[in-house]
Amino acid sequence: MTTDVRNIDTALASIAEHWQPHRLTSVNDYDVKVVKLQGEFVWHTHPDTDELFLVISGELTIQLRDRDVVLGPNDVFVVPKGVEHCPKAEGEVQALLFEPQGTVNTGDAGGERTSELRELD
C-alpha cells in the first residue's frame, strides 16, 4: 500500500499493455487496480468474490450469459461472485477494478490471459 498521492490519469498513462492490471493502491484487504482493456477477454467467474468495474474512459461491455451490460465513462457495475462474465471493448477502455487482494484476473478460467498483478512504476 502506498501512502503517497496517486493520480489515476498518470497511472493509466504509464500502462502500455491491455488486460494487464496494475495496483493503484490498497484499501484494507482490497486492491484498487487500473487497467486498459481492448478486445474480448475470456469467459470466467470469481467464485468467492464480487468484482467492481468503474469505467474512466471508453465503452465497456460486460457480457453475461443472460444479457450484456454496457458501461460508459463514470459508470459502475458489480459482477456478483460466481456469475460468469466476459468483458469486451471495441475501442480502448480505461478502468478501475476493486477486488480482494489475490484475486486473479481470469478467475477460474486460467490460461494465457492470466496476469500477475503489477505494481506501478
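These figures come from a predicted structure and were not determined experimentally.

## Structural notes on the overall build of the protein chain
When you go through the protein chain residue by residue, the secondary structure sums to one helix and eight strands. Counting helices and strands in the order they occur from the N terminus, the protein chain gives α-β-β-β-β-β-β-β-β. Expressed as lengths along the three principal axes of its C-alpha atoms, the size of the protein chain is roughly 40 × 30 × 25 Å. Restricting to contacts in the protein chain with at least 6 residues of sequence separation, those with at least 24 account for 65%. Placing the 10 positive and 22 negative side-chain charges of the protein chain at their respective mean positions leaves the two points 1 Å apart.

## Here's the deal with the packing of aromatic side chains
The geometry of an aromatic ring pair comes down to the distance between the two centres and the angle between the two planes. Scanning all chains against the criterion turns up one aromatic pair. Aromatic side chains W19 and F41 sit 4.6 Å apart centroid to centroid with 15° between the ring planes, which places their arrangement in the stacked category. Of this pair, W19 sits in the loop between helix 1 (8-13) and strand 1 (22-27) while F41 is found in the loop between strand 2 (30-40) and strand 3 (51-57), placing the two residues 22 residues apart along the sequence. With relative accessibility at 8%, the residue W19 sits in the buried group. Residue classification places F41 among the buried residues on the basis of a relative accessible area of 9%. If you follow R65 out to its NZ or CZ, it ends over the ring of W43, 3.7 Å from the centre.

## Re the pairing of strand 1
Sheet topology places strand 1 next to strand 2; five bridges connect them, and they run antiparallel. Across the sheet, residue S26 finds its bridge partner in strand 2, namely D31. With antiparallel pairing between neighbouring strands as the criterion, strand 1 and strand 2 make up a hairpin whose turn holds two residues, including N28 at a positive phi of roughly 55°. Bridge count between strand 1 and strand 8 (residues 118-119): two bridges; the pairing is parallel.

What counts, and where the lines are drawn
Residues numbered from 1 in each chain as written. Predicted model: local features only at pLDDT ≥ 70, side-chain atom pairs only at ≥ 80, totals over all residues. Heavy atoms only, no water. Helix = DSSP H or I, 4+ residues; strand = E, 2+ residues; numbered from the N terminus. Contact = heavy atoms within 4.5 Å. Lys, Arg positive; Asp, Glu negative; His and termini not counted. Charge placed at Lys NZ, Arg CZ, Asp CG, Glu CD. Phe/Tyr/Trp six-rings, centres within 6.5 Å; stacked < 30°, edge-to-face > 60°. Buried < 20%, exposed > 50% of the residue type's maximum accessible area, 1.4 Å probe, protein only. Lys NZ or Arg CZ within 6 Å of the ring centre and 35° of its normal. Pairing = 2+ DSSP bridges.

Function-wise, these values are silent; they only describe arrangement.
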